[in-house]
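# Geometric and topological summary
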Amino acid sequence: MVTIRRWWDRKGLQIGLLALVFGSAWILRQTQGELVLETYQAITRPLEMLQSGPTPEERLRDARILELQTRIEDLESQKTKLQALLGYVEKEPLASRPTPARVIGRGADQWWQQVTLNRGTNAGIEEGFIVKADGGLVGLVESVTPNTSRVLLISDLKSQVGVLVSRTAAKGVLRGDSSAEAVLEFYEKVPNAKVGDLVSTSTYSQKFPSGLAVGRIKSLDLKKLPASVAKIELFPPIRSLDWVAVYPKPENQESANQVPQKSK
């Protein structure tokens, strides 16, 4: 008896472990692992719920909410800009009140050359009409369809506008530079001008009325030949045009060419 007890003390634990292993194997075989899988899922499901992200339905709902928020913010922005433009338009005399229009087209390779507006002949717009925005002169309508207008910007390389320095009346020609700045070539070798002077259209301009704000002198080069030049910071937001106002051409310029190759 003592011998059996000693043997059991030495081998009992091993026999018990073997029995547990064989018993577990038999259970797995009979249940095809379902019991273990259910036990594993019961243990891990709470952890998965804590660690997993939103469901596909939740992600779709969040995406729709973000889309609606974006559209609302865009509409609010457009509303603010349109209200500002309408306030600007309403300051004009009723007889010469312009037509508001929105920029709907702009090529990446022609960003500084031209824009397309959402109003055309059906809104009374014609070739040669003047386009302005907050800040001053934007350009000239060079072609129209019933529902659209194409505008030659003053920042276009082929655009030329007769201008003067408001403080001294020093005159010259403003040429586009395909940027938010333009180049003013003075008629005089040593013009009466300085950095910071304001620039507007002059009576020498063939396509625009005089007195339209254009920009400010940013730098001067009085040694340039054959005439002095200045860099002009343009006032209108040419880089990010959105809403503009389209004006009829002045009556005293009705006889001018309808679509100039170079707008002065």
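Worth saying up front: this structure is predicted, and the values here are computed from it rather than measured. (Residues numbered from 1 in each chain as written. Predicted model: local features only at pLDDT ≥ 70, side-chain atom pairs only at ≥ 80, totals over all residues. Heavy atoms only, no water.)

### What about the overall build of the chain?
- Counting its regular elements, the chain contains three helices and twelve strands.
- Expressed as a percentage of its 264 residues, the buried residues of the chain come to 34%.
- For the chain, the exposed surface amounts to about 16700 Å²; the carbon and sulfur share of it is 57%. (Helix = DSSP H or I, 4+ residues; strand = E, 2+ residues; numbered from the N terminus. Buried < 20%, exposed > 50% of the residue type's maximum accessible area, 1.4 Å probe, protein only. Areas by Shrake-Rupley, 256 points an atom, 1.4 Å probe, with all protein chains shown as cover.)

### Thoughts on the confidence of the model for the chain
- Confidence in the prediction of the chain, expressed as mean pLDDT, is 78, and 64% of residues score 70 or more.
- Confidence drops under pLDDT 50 across residues 254-263; counting only partners more than four residues distant or on other chains, this segment forms 22 contacts. (pLDDT = per-residue confidence, 0-100. Contact = heavy atoms within 4.5 Å.)

### Looking at the sheet that holds strand E3 (residues 130-133)
- Read once around its circumference, the closed barrel built from six strands follows the order E1-E2-E5-E4-E3-E12, with strand pairing classed as antiparallel. Here the average twist between neighbouring strands, direction ignored, is 45°.
- With three bridges joining them, E3 and strand E12 (residues 243-247) adopt antiparallel strand pairing. When the sheet's bridge partners are listed, Val-131 is paired in E12 with Val-246. (Pairing = 2+ DSSP bridges. Axes fitted to C-alpha atoms, helices over the stretch in contact; angles between N-to-C directions.)

### Topic: the pattern of salt bridges
- For the structure on display, the rule yields six salt bridges.
- Linking Glu-181 and Lys-218 is a salt bridge whose minimum nitrogen-to-oxygen distance equals 2.4 Å. Taken together, the positions of Glu-181 in strand E8 (residues 181-186) and Lys-218 in strand E10 (residues 213-221) put the pair 37 residues apart, joining distant regions of the chain. (Salt bridge = Lys/Arg side-chain N within 4 Å of Asp/Glu carboxyl O.)

### Some details on the sheet that holds strand E11 (residues 229-234)
- Strand order around the closed barrel formed by six strands is E6-E7-E8-E11-E10-E9, with antiparallel pairing between neighbours. Neighbour-to-neighbour, the strand axes of this sheet turn through a mean angle of 40°, independent of strand direction.
- Looking at chain direction, strand E9 (residues 198-201) and E10 are connected through three bridges and run antiparallel. Paired with Leu-198 across the strands is Arg-216, a residue of E10.

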